[in-house]
Amino acid sequence: MMGEEYPVMMKEEGKLNGNDHSHRPAAAAHFVLVHGIGGGAWCWYKIKCLMENCGYRVTCLDLKGAGMDQSDPNAVVSFEDYNQPLLDFLSSLHDHQQVILVGHSAGGLSLSDAIHRYGKKKIKLAVFVAATMLKSGYLTNQDLKDGVPDLSGFGELNEVYDIGFGLGEGNPPTTTLIKRELQRKIIYNLSPHEDATLAEMLLRPGPVQALVTAKFPLAEKDEDEVPRMYIKTTQDNVIKAEQQEAMINKWRPQHVYVLESDHSPFFSAPFLLFGLLVKAAVSFG
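Residues numbered from 1 in each chain as written. Predicted model: local features only at pLDDT ≥ 70, side-chain atom pairs only at ≥ 80, totals over all residues. Heavy atoms only, no water.

The chain has the name Methylesterase 17-like in an unreviewed UniProt entry, where Salvia divinorum is given as its organism.

Shown next, in the form of structure tokens:
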């Protein structure tokens, strides 16, 4: 049923594991995993292992200035430039070769952009994981309120973020990165210590100037023709529960699931997240 929620509890995690070959697909779906701001393809290492062990195809991308990409994020000032690696990948697919897109956090904007550009021709399903899900991007002040993290509860802006001014001090910030000493408390509050440590070593400043330019005017394609699934995270300090709910209500997905997780379920609840992605592949395969 449209918008129905299926709570998933952390205690059920042991029921899903990479050795359960009952999940092996008859025809392998192709998942494309898109990270959030400051992250990279590395964020998905647990999910990639679980899914490939069960026979799925998995592509993890670095967006411009993220992960292993050598671009200076301070020089990435347009969303189209930032999202170009995903657009290039989708363009490279053969006609009617469909993938399941999965976007985490600000990666949801990348999914919306792709939906506008390619529709069902290339995208079988879009899965938003604790993600910014805005049909047209940041067009209104309400969009900003719903989709931009509000971390004021952790301190003033310059107390929470390391801020880069690649265009000069008199211009808007070009990059932000949550301060190292706050990352575990804010982003990885339920994640294993070793994953939080890995992230602390690999997170890069994210091109915030590019993200705020994410605006997607309505196109000829029907943006609702691509099925969407939203995975809510109940212990999320970044995209708070009320923000997730507001975006869900504004652009209603076909399915909503709930994880007792922090903002990073690929670390804090990988088996449960894996199980939901397998469910998505089966349901829409």
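**Q** Where do I start with the overall build of the chain in this structure?
**A** Per the secondary structure count, the chain includes 12 helices and nine strands. Partitioning the contacts of the chain with sequence separation of at least 6, the portion at a separation of at least 24 is 77%. By element, 53% of the accessible surface of the chain is carried by carbon and sulfur atoms, the whole surface being about 12300 Å². (Helix = DSSP H or I, 4+ residues; strand = E, 2+ residues; numbered from the N terminus. Contact = heavy atoms within 4.5 Å. Areas by Shrake-Rupley, 256 points an atom, 1.4 Å probe, with all protein chains shown as cover.)

**Q** Explain the side chain of Thr174 to me, please; I cannot follow it from the model alone.
**A** Locating Thr174 in the fold gives a position in the loop between strand S6 (161-164) and strand S7 (175-178). One polar contact links Thr174 to Asn74, side chain to side chain, over a distance of 2.5 Å. Those residues in contact with Thr174 that lie beyond four places of it in its chain are Pro73, Asn74, Val77, Gly164, Phe165, Gly166, Leu167, Gly206, Pro207, Val208 and Gln209. (Polar contact = N/O pair within 3.5 Å; in protein donor to acceptor, adjacent residues only side chain to side chain.)

**Q** Which parts of the structure should I look at to understand the pattern of salt bridges?
**A** Oppositely charged side chains are able to pair whenever their charged atoms sit close together. In the structure shown here, the tally under the stated rule is 12 salt bridges. Lys48 serves as the salt-bridge partner of Glu52, at 2.7 Å between the closest nitrogen and oxygen. You can see Glu52 and its partner Lys48 sitting in helix H1 (residues 45-53), four residues apart, about one turn around the helix. A relative accessible area of 38% places Glu52 in the partly exposed class. Residues Arg228 and Asp224 are paired through a salt bridge, measuring 3.5 Å at the closest nitrogen-oxygen approach. Overall, Arg228 belongs to the buried group, its relative accessible area being 1%. (Salt bridge = Lys/Arg side-chain N within 4 Å of Asp/Glu carboxyl O. Buried < 20%, exposed > 50% of the residue type's maximum accessible area, 1.4 Å probe, protein only.)

**Q** Quick question: what am I supposed to make of the packing of aromatic side chains here?
**A** Describing an aromatic ring pair means giving the distance of the ring centres and the angle of the ring planes. Scanning the model with the defined rule gives nine aromatic pairs in all. Among the aromatic residues, those joined into a cluster by ring pairs are Trp42, Trp44, Tyr45, Tyr188, Phe266 and Phe267. Above the ring of Trp251, the side-chain terminus of Arg228 is found at 3.8 Å from the ring centroid. (Phe/Tyr/Trp six-rings, centres within 6.5 Å; stacked < 30°, edge-to-face > 60°. Lys NZ or Arg CZ within 6 Å of the ring centre and 35° of its normal.)

**Q** Looking at this model, I keep getting lost on helix H12 (residues 270-284). Mind explaining?
**A** Because an α-helix completes one turn every 3.6 residues, residues spaced three or four positions apart along the sequence face the same direction. With 15 residues, H12 extends 21 Å from end C-alpha to end C-alpha; this agrees with the ideal 21 Å at 1.5 Å per step. When H12 is considered as a whole, its buried residues turn out to be Pro270, Leu272, Leu273, Phe274, Gly275, Leu276, Leu277, Val278, Ala280 and Ala281. (Expected span 1.5 Å × (residues − 1).)

**Q** Mind showing me how you'd approach the environment of Leu63 here?
**A** Residue placement: Leu63 occurs in the loop between strand S3 (57-61) and helix H2 (79-82). For the pair Leu63 and Gly36, spaced 27 residues apart in sequence, the C-alpha separation works out to 9.2 Å. Apart from the residues within four sequence positions on either side, Leu63 is in contact with Val34, His35, Asp69, Tyr82, Asn83, Pro85, Leu86 and Ser110.

**Q** Would you mind showing me how to read the pairing of S7 here?
**A** Along a regular strand, successive side chains alternate from one face of the sheet to the other. Here S7 shows no split at all, with Thr175 and Leu177 on one side and Thr176 and Ile178 on the other all buried. By the bridge criterion, four bridges tie S6 to S7 in an arrangement that is antiparallel. Counted as the bridge partner of Gly164 is Thr175 from S7. (Pairing = 2+ DSSP bridges.)

**Q** Mind showing me how you'd approach unusual backbone geometry here?
**A** For residues other than glycine, phi is negative in most cases, and the peptide bonds are mostly trans. Its identity as a non-glycine residue notwithstanding, Ser105 has a phi of 55°, on the positive side. Relative to the elements of secondary structure, Ser105 occurs in the loop between strand S4 (99-104) and helix H4 (107-118). A relative accessible area of 8% means that Ser105 is categorised as buried. Even without glycine at this site, Ala130 takes up a positive phi of about 45°. Within the secondary structure, Ala130 sits in the loop between strand S5 (123-129) and helix H5 (141-147).

**Q** Just to check I follow, could you spell out the packing of helix H3 (residues 84-92) against H4 for this structure?
**A** Each pair of packed helices can be summarised by the angle the axes make with each other and by the distance between the axes. Two numbers describe how H3 lies on H4: the axes approach to 10 Å, and their chain directions differ by 40°. Seen from above, H3 lies across H4 with right-handed handedness. Together, Leu86, Leu87, Leu90 and Ser91 of H3 and Ser110, Asp113, Ala114, Arg117 and Tyr118 of H4 make up the contact between the two elements. Grouping the amino acids of the contact of H3 with H4 by side-chain chemistry returns five nonpolar, two polar and two charged. (Axes fitted to C-alpha atoms, helices over the stretch in contact; angles between N-to-C directions. Left-handed = near helix turned anticlockwise from the far one by under 90°. Nonpolar A, V, L, I, M, F, W, Y, C, P; charged D, E, K, R; others polar.)

**Q** Teacher, can you tell me more about the packing of H1 against H12 here?
**A** It is at 10 Å that the axes of H1 and H12 come closest, and there the two elements cross at 50°. Relative to H12, the element H1 lies oblique. Note on packing geometry: the crossing formed by H1 with H12 is right-handed. Contacts from Lys46, Ile47, Leu50 and Met51 in H1 reach Pro270, Phe271, Leu273, Phe274 and Leu277 in H12. (Parallel < 35°, antiparallel > 145°, perpendicular 65-115°, else oblique.)

**Q** What's the story with the state of the cysteines in this structure? I'm lost.
**A** Note on terminology: a disulfide is the covalent bond linking the sulfur atoms of two cysteines. Throughout the structure, instances matching the rule amount to zero disulfides. Here Cys43 is not disulfide-linked; the sulfur of Cys60 is the nearest cysteine sulfur, at 9.4 Å. In this structure Cys60 is a free cysteine whose sulfur lies 9.3 Å from that of Cys49, the closest cysteine sulfur available. (Disulfide = S-S within 2.5 Å.)

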